[in-house]
Each structure stands twice: as structure tokens, then as C-alpha cells.
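Chains, contacts and geometry: an overview
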Amino acid sequence: MAQKSGVNSRTLLQNLRDTLAEDGDGQERLDHITQLVSESMETEVCSIYLRRDPQTLELCATEGLNKEAVHQTRMRVGEGLVGRIAKRAAPINTKNAPQEKGFRYMAETGEELFSSLLGVPIQRLGEVLGVLVVQSKDARKYTDDEVYALEVVAMVIAEMKELGAFTGEGEAMTAPHQRAHLFRGGSAQEGAARGVVLLHDPKIVIANPVADDPEIEKGRLNDAIQQLRLNVDVLLSANQNEDKEQIEVMESYRMFANSRGWVARLEASIDSGLAAEVAVEKEQSATRARMSRVPDPYLRERLHDLDDLSNRLLRLLTGQGRAAGDSVPDNAVLVASNIGPAELLEYGKKIKGLVLEHGSVGSHAAIIARAWAIPMVIHADNITREALNGDEVLVDGDQGIVHLRPDESITAAFKDKIAMLTEAQQKYVAIRDEPAATLDGVKIGMQMNAGLMADLPSLPTSGAEGVGLFRTELQFLLRNSMPKRSDLANLYGRVFDAAGDLPINFRTLDIGSDKVLPYLQPEDEPNPAMGWRAIRVGLDKKGVMQMQLQAFIRAANGRPLRVMFPFVAQYGEFKDAKAMLGAVLRNEERLGHVMPADVKVGAMLETPSLAFAPDQFFEECDFISIGGNDLKQFFYAADRENERVRRRYDTLNVSFMRFIGQIADRCDSFGTPVSFCGEDAGRPIEAMCFAAMGLRNLSMRPASIGPVKHMLRKTDLGEARAMIDEAMASGEQSIRGHVMEWLKSRG
Ligand code: PEP
Ligand code: MG
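What counts, and at which threshold
- Sequence order as written defines residue numbering, which begins from 1 separately in each chain.
- For naming, the first written chain is A and the first written ligand is 1, with later ones following in the order written.
- In view of the model being predicted, local features appear only for residues whose pLDDT reaches at least 70, and side-chain atom pairs are presented and counted only at 80 or more, with totals across whole chains, interfaces and linings using the full set of residues.
- To obtain the side-chain values, all non-hydrogen atoms of the structure were included, while hydrogens and water were left out.
- Two strands pair under a simple rule: DSSP has to find at least two bridges between them.
- Each helix corresponds to a stretch of at least 4 residues labelled H or I by DSSP, and each strand to a stretch of at least 2 residues labelled E; elements are numbered beginning at the N terminus.
- Only the stretch in contact is used when fitting a helix axis, every axis being a line fitted to C-alpha atoms; angles between N-to-C directions are given from 0 to 180 degrees.
- Each residue is tested against the molecule or strand, and it is near if at least one of its non-hydrogen atoms lies within 4 Å.
- Any pair of N or O atoms that falls within 3.5 Å is considered a polar contact. Within protein, one atom must be able to donate a hydrogen and the other to accept it, and sequence-neighbouring residues count only if both atoms are side-chain atoms.
- Accessible surface area values rest on a Shrake-Rupley calculation with a 1.4 Å probe, where residue burial reflects the displayed protein chains alone.
- Ten residues, namely Ala, Val, Leu, Ile, Met, Phe, Trp, Tyr, Cys and Pro, are considered nonpolar, four, namely Asp, Glu, Lys and Arg, are considered charged, and the remaining ones, Gly among them, are considered polar.
- Domain delimitation follows an automatic or database domain assignment.
- By definition, the buried area sums, over both parts, the 1.4 Å-probe accessible area that each loses when the two are put together.
- Salt bridge, as used here: a side-chain nitrogen of Lys or Arg that lies within 4 Å of a carboxyl oxygen of Asp or Glu.
- By the convention used here, residues are in contact when the closest approach between their heavy atoms is within 4.5 Å.
- Note that water is not among the atoms considered, so a metal site may appear incomplete; the donors listed are N, O and S atoms within 2.8 Å of the metal, with 3.2 Å applied to Na, K and Ca.
- Partly exposed residues are those whose accessible area sits between 20% and 50% of the maximum for their type, while under 20% is buried and over 50% is exposed, using a 1.4 Å probe and protein chains only.
- Here the expected span of a helix is defined as 1.5 Å times the quantity of residues minus one.

1. Points about the sheet that holds strand S3 (residues 74-76)
Taken in spatial order, the six strands make up an open sheet running S3-S2-S1-S6-S5-S4, and their pairing is antiparallel. Bordering the open sheet on either side are S3 and strand S4 (92-94), each of which pairs with just one other strand. The average undirected angle you get between the axes of adjacent strands in this sheet is 25 degrees. Here strand S1 (residues 45-53) runs beside strand S2 (residues 56-63); their pairing, made up of seven bridges, is antiparallel.

What follows is the structure in C-alpha cells.
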């Protein structure tokens, strides 16, 4: 296997390793590599093109082309044959390059002399870093073994520490993943954190890509594969009771893990001189390239399984990466491409900050970050490529900026910022026990949002007068199977105990959309935000809702109970849900359980339709809570998780403010208490405007209570309303400009 026709890839790799072991800078190494490859493969040319930025490739070393063209010749990704190799992440092998479609002639390189071309992508885990090319004068078609040998060399180049040095002409030759980096994203949660990177999906660092002894490497590979097969078997037997589809997925894992073809391909790469982990990465890059080209979603999913299996194998081989159950290091700032609420909850409250490449302010991951009071930055492009586990990182949630591996001056300034923020928080402690009364004597009820047991210690310390929204689904998201009624009753009992005499609005299970329970088969819906969610699930799957209502009643154990139904879009849904609660109460009484001292039944107003419900709804509903996160997305028809559209619509837009005013007035006319528990309630300016529009209760994350209360205590609500009325009549789309001016004029 080691001997390939025309080229001995193992000898080539050994020579390559010797070259890499020699002293010399990055440029010298690349020059050596091109010499070595062109000699071994008996080609006139060998060139290395590296990605200077996401769109541009640059000739960085060559044997055989004009040396003056090095660092001068550039092309766009997709342009010419080299650009095409980078774009498609696939080799090109041609006898007659000038006749190929898309060939671009580059006079300065002198390449008109050469007919044949073989080029392969230099890639690491599916990320194309450059292109490695050989060319010959004669019309030669390279053999499969030669293609293979060049791919193996490309793998080794991809692992070179100095590669990052070539990403810009004249730029300091710093190794990649060592330079300071600034990422400008968006703010999803204010605050500042200094810590170390914890990658949600960590990269593996390979110290030595070329192996001395293929037998030892094969031994390591086989040990790891045995372990992998064992793990997959354990996984499968532990989940025997799962549904058919889940078992099918795991069976396909087992099939891949036992695939002889897969193992044979890995062993062939080891025979050619690669270390076991690089052989796995090579196979993984090929899988990922295939994945992006396969149109069939089922096959794509299976390739995904194979990719995941490779990741597991890499973890076993290197001992790196995170396994389920690993503890979270101190000061960890979680860095991910994106993350769902269940995955985030698994890390627990120890996380100091959250940075995402995608993500959205309106997502439930953001809501959890807010509840934990940790800064969160979204849209930090490419941070998962740059950051390594353990890198120092500063998260500026106010500006939406992340400093990766910052230099000392930035760190010093940042420390000052953190100190200032801590000082500002101290200021709010002083007004903790004071009422949120405005200058003109209007008292605004301040409550907190919660959902985790870890939130409850904040109840006495935040100054909240109760829990305005208890998101019960967070407890469901934390588990792998449906919780038992007794577990829930126990848990809610502890919530009652922690709250003492303060009221708690228990919201029934609000699943669906981005809150997916792995054990409650998610429906494959085209538009889950408007799909089968919240009360719609509760009314259809009665068993789950009844079980939860029983748990509330048993937990209350004679204490007053407040239940709130989420996402009520029409009166009938509220009536049905309330009737279900009535039936459960009667049944519990019959069973001999202690009845709550009092039962209040509320609804969340999260769709505009409910604001126009029949009068009877307002008469029968004991309290209403405006779920502004959802209400806003349906009011503007703008997905709360899609930053591009979400950001177009200001909460202080005249239409939305008018709507809030109308809801407040309608509730007032029936004497139905109404509060606002969406994220905007925790923003001081928005909160002040809501109060001015007539809302008298606000529920927010605990850390916002201080700043909102501070703002309200400095506001004359009558004056604020007059200013808002004037702003709404001005013809401006949003009242924000007027509000800011008005606040400034008051210092
Ligand atoms: C809301 O929609 O405003 C709300 C409070 O509910 P959630 O954010 O959990 O959907
Ligand atoms: Mg909602």
C-alpha cells in the first residue's frame, strides 16, 4: 500500500517532515515543500496558493513558475482553475489546462509553457485554506495515486503552524491562532466578561501530522475504533426504548463504525505516512466536501452521521475535545456557531459569557443568557475558526465586540470597564427595597422572570415583588425524558417555598418553535414559530398539560395558585384551557389533595388577535401578561430569531406603542390586571414608555430590576406621556428620537 506508482508518498512525507523539522521561517518551509514535491512527483512546477482573505488566493511559493510572481499573483476564489479548486473543495486533474473551461492565463507567472495541471485543496476540517498545484509541460494525466499523494501533502501543509503568516503581504509572520483578533458582532445582552474560550464544538490540534511507524499508528487507530464501536453499542442499548426513527439513526452510526471501507481508507492514509488523527481528518474533509454537494437531504443526514462519528474518533485518538458530562472550566466564555436553549442549559450557570457566529437577540438561548446576566455577542463572524479552547477573550456585550487573545492595553482598559459596571450595580442595591414609584406618584409593580432553580436566590436580592413569568419548559428542556408528575410537584413546591408570600405566575409548558423537547417528537413543520406550539400542544396532548396542572396543585398544597396559559390566540383556547384546569381541580379534590387557597387563571397576550377578543375573554381572565417577544414578531411579521428582519422594527415604533396603549386601556376598562413580561420590559427606556402608555406591571430578568426602577423613580409619567403623544403626532416612524432628546434635556 505504501508504494504508489511513480511516487512513494511515504518517502515524500518523511522528507516533508524532515523539512518541517529544520530551522527556518514559514516562507523557507513553503519553498522547500514546493521543491520537494516537484522533485518527487517529477513535475516542472509545484506551487502553493493560500487564502489571503475569504475571497482571494495568493501565490505564496513556487518551484518552476516565475519567482517574482510570488506574493504578487492573486485570484478570486472561483476564478481560473486554481480558484475553482478552492471554491469546490475538489481536485482538478487535466492533461490540457489551457483548454479547460474557466482557465485563466496569468502572464506574470510564465505558466503558458505548461500543459497538464493537478491541483488539490489544502483544507482542514472542510475549511479550504489554499490550493496545492503541480504542472508539467507534457500532456500528462496524473494517476489516482499521484492525486492521492498530493492530497496527503496538502493535509500536512494544512497542519503547518505558520500558515496564518501568509494571510497578508508584509503582515507579521505570526502563527495562526496566536494573533490578537477583534470581532465586531451585535449585542444580544449587555455587560462585560473576561475569561477563556470554551468551544462548543472544539477543534483538535495535531502536533505531529507525519508518523514514524505506520504499524503503531494503525494500532492506535484500531484501539480507538474498538472503543468507538463499544461507545456506539452502549448508546444503542441505553436507548432501546426510544422511537423507531431515533433507533434507525443510531443503527446507521453502528453501521458506519463497523464499515470496513471506512477503516480501509483510514489505514491507506496511514500507510502513506500520515498520523492516525490526520488520516481521520483527511477522510472527514472528503465527507464534508461531499456533504455540501449531495442534494438528497436523507443522504446528507447520513454523511452528517459519518462526520459526527469522525469527530468522536478524533476525540478518542487525541484525548481532546469535550465529552458530555465534562465539567466547565472557571471563567469559561462559550463560543459556538449557534446554540439552542437545551444545549446552553447543559453548560449551567458557570458560563461567564456567550459568543455566537449566528444567533439572535430574540432566541431562547439569548433569554437564558439574559437570565444568567452574562454578556452575549451574536454575529461574531468566523470566531469558531480563529478561537482555540483556553484562548483569552474579552466580551463587550454593550458594543457587541469580542477581543480574542487581546494585547495588554486592551485587557487593562477592559478591567476598568468591568470595575465600573460593578460599581454601577452597587448603586442599584441602594434602591432595592424602595418602591418603583414615579415622580408623580404612580407605583409600577416590578416582578422577575424565572424558570430555573438557580434563578430563585435572586428573588429576595433583586427587589422583585414576585415572579411575573415562570417559564416551566426550561425544566423540561434540561432532561432527556419526560419528567414524572411527582418530580414536577416537588420542584414547583420548592419554587413556592423560595417565593414565600410573593406571587408566582406559573406558565404552562410553552414548547415548540426553537424550544424542542428531544423526547416529544418534534413535528416537521415548515414554520415552527407559527406552528403547533404552546397552548396548541397543551390542548391537543391533554395528558401532558393535565399532569402539569396536577403538579401545580399538589405543589401549592393549600397556598394561592396562579396559572398562566401561553400563546392564546383566541377566546376559545382560553376557555378550553381554563375548563381543563377546573376539571383537574375537581379531580384532585376528589382524590383528597389539599386545594389551593385561591386560583387565578391568566393568559399571555402574544398574538395581536387576542387584543381584539370578545369582551367575555377580558371578563373571565384574571390577569393578562403581554409576551412582547412573540407579540412583536407577529405584529411586524418579523421572525424574532432572524436578526436581519427583527432589527428593522423598533419597539418604540409609533404603531407598536399605540397598540400597547390600546391593550392597556382595554384591560383597564374591564379591570383586568395586565403586565408586560417580554425582554423589552427589562430595558429602562422601553419600560418607562410602557409605563407612560398605561402598563402598571413589568416582569423582567432580575438584573434589570435595578436599572428600570432607577429610571422610573426619576420620571414624571404625566410629562413622559405628553412627550410621547407629541412624538406620536410628529409623523416620525419611531418615538425613540424624541424620547432620547427628552431624556437628555433632563440630564
Ligand atoms: C414572550 O414571547 O414575550 C415571552 C415572554 O415568552 P417566550 O419569550 O418564552 O416566548
Ligand atoms: Mg412567547
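On we go from here.
2. Things to note about the site of ligand 1
Contacts to ligand 1 come from 16 residues, most closely from Arg507, Glu606, Gly627, Asn629 and Arg640. Separating an oxygen atom of ligand 1 from a side-chain N or O atom of arginine 471 is a distance of 2.8 Å. At a separation of 3.3 Å, an oxygen atom of ligand 1 approaches a polar side-chain atom of lysine 515. Considered on its own, ligand 1 offers 290 Å² of accessible surface; in the complex 100% of this is hidden by protein. The element that contributes the greatest number of residues to the shell around ligand 1 is helix H22 (residues 628-635), accounting for three residues. Residue composition of the shell around ligand 1, by class: four nonpolar, five polar and seven charged.

3. Description of the domain arrangement of the chain
What the domain assignment lists for the chain is domain 1 (9-173), domain 2 (181-202 + 328-405), domain 3 (214-318) and domain 4 (435-745). A straight line from the C-alpha centre of domain 2 to that of domain 4 covers 26 Å. For the pair domain 2 and domain 4, the summed buried surface comes to about 1800 Å²; carbon and sulfur atoms form 57% of the total. On the surface where domain 2 and domain 4 come into contact, there are one salt bridge. One salt bridge connects arginine 370 with glutamate 679, and the closest N-O pair in it is separated by 2.6 Å. Summed over the shared surface of domain 2 and domain 4, the number is six residue pairs in polar contact (both at pLDDT 80 or more). For the side of domain 2 that touches domain 4, the secondary-structure elements that each account for two or more residues are helix H10 (341-347) and helix H11 (364-371).

4. A short note on the sheet that holds strand S12 (residues 376-378)
Strand pairing in a sheet relies on backbone hydrogen bonds. The paired strands run either parallel or antiparallel. With respect to topology, eight strands assemble into an open sheet ordered S7-S14-S13-S9-S10-S11-S12-S8, the strand pairing being mixed. Two strands lie at the open edges of the sheet, namely strand S7 (181-184) and strand S8 (186-189), each paired on one side alone. Neighbour to neighbour, the strand axes of the sheet diverge by 25 degrees on average, direction disregarded. In this sheet, S12 lies alongside strand S11 (residues 353-356) in parallel orientation, the contact comprising two bridges. Pairing of leucine 354 across the sheet is with methionine 376, part of S12. Packed onto the sheet, H11 meets S8, S11 and S12 and runs at close to 155 degrees relative to S12.

5. Some points on the coordination of the magnesium ion (ligand 2)
Tetrahedral coordination by four donors sets the ideal angle at the metal to 109.5 degrees; octahedral coordination by six donors sets it to 90 or 180 degrees. Within the protein, Glu606 (OE) and Asp630 (OD) serve as the donor atoms for the magnesium ion (ligand 2), at 2.0 to 2.1 Å. With glutamate 606 in the loop between strand S19 (599-605) and helix H20 (608-611) and aspartate 630 in helix H22, this residue pair connects regions lying 24 residues apart in the sequence. One exposure class covers both glutamate 606 and aspartate 630, and it is buried.

6. Some words on helix H4 (residues 144-158)
Taking 1.5 Å of rise per residue, 15 residues should cover 21 Å, and H4 covers 21 Å from first to last C-alpha, within 8% of that figure. In terms of burial, H4 is a largely internal element, twelve of the 15 residues being buried. Listed as buried for H4 are Glu146, Val147, Tyr148, Ala149, Leu150, Val152, Val153, Ala154, Met155, Val156, Ile157 and Ala158.

7. Remarks on unusual backbone geometry
Positioned with a positive phi, glutamate 42 is a non-glycine residue whose angle comes to about 50 degrees. On the secondary structure map, glutamate 42 appears in the loop between helix H2 (26-40) and S1. Phi is positive for asparagine 331, which is not a glycine, with a value near 60 degrees. Looking at where asparagine 331 falls in the secondary structure, it is placed in the loop between helix H9 (297-318) and strand S10 (332-336). What makes asparagine 331 partly exposed here is its relative accessible area of 39%.

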